[in-house]
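One letter stands for each residue in the lines below.
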Amino acid sequence: GSMDGVEMWNNPACSRCATARDTLDTAHVPYRLRPYLDQPPTAAELADVLRRLDAAPWDVCRLGEPVARELGLADWPRDGASVGRWIAAMVEHPELIQRPILLLDDGGAVIGRTREALDAAVKTQSARGPKSL
């Protein structure tokens, strides 16, 4: 594909996002930051990211956020019929989206909240090496 490097959904106020940026910098992995709070994903984009993560929307939803409590998300059904509703809520309130999400150029994705996840992402990218045309 035409993607090169990692796209990272970044929240500048998030310490785990800072750790992920430092890890990528140290490994010399090229990445682009997506300020997803200012540029929220579309429902289609979020659905694609969930597919790449092999996750359901409730798996990557921050239920501790005030808006999650306002919406009563903890009580929403977690079934196939409700996926669209969850995605719509996360698009409307992007602070609900777990962070940082790293979209890898092999089509995979990870949530970079642990050292293990970041190491796996770096390995995946490094293994691909420089693109030859």
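Residues numbered from 1 in each chain as written. Predicted model: local features only at pLDDT ≥ 70, side-chain atom pairs only at ≥ 80, totals over all residues. Heavy atoms only, no water.

**Student:** I'm lost on the packing of aromatic side chains in this one. Help?
**Tutor:** Geometry of an aromatic ring pair is reported as the spacing of the ring centres plus the angle between the planes. By the definition in use, this model includes three aromatic pairs. Here Trp-9 and Tyr-36 contribute two aromatic rings whose centre-to-centre distance is 6.3 Å and whose plane-to-plane angle is 25 degrees, an arrangement assigned as stacked. On the criterion of sequence distance, the pair formed by Trp-9 in strand β1 (residues 6-9) and Tyr-36 in the loop between β2 (31-34) and α2 (43-53) is long-range, its members being 27 residues apart. Here Trp-9 and Tyr-36 have matching classes, each one buried. Both rings, one in Trp-58 and one in Trp-86, keep their centres 5.6 Å apart while their planes meet at 65 degrees; by these two values the pair is edge-to-face. Taken together, the positions of Trp-58 in the loop between α2 and α3 (66-71) and Trp-86 in helix α4 (residues 83-92) put the pair 28 residues apart, joining distant regions of the chain. An identical accessibility class is assigned to Trp-58 and Trp-86; each is buried. In this structure an aromatic cluster arises from ring pairing among Trp-58, Trp-76 and Trp-86. When the ring centre of Trp-9 is taken as reference, the NZ or CZ atom of Arg-34 above it lies at 5.4 Å. The ring of Trp-76 has Arg-85 sitting right over it, with the charged end atom 3.8 Å from the ring centre. (Phe/Tyr/Trp six-rings, centres within 6.5 Å; stacked < 30°, edge-to-face > 60°. Helix = DSSP H or I, 4+ residues; strand = E, 2+ residues; numbered from the N terminus. Buried < 20%, exposed > 50% of the residue type's maximum accessible area, 1.4 Å probe, protein only. Lys NZ or Arg CZ within 6 Å of the ring centre and 35° of its normal.)

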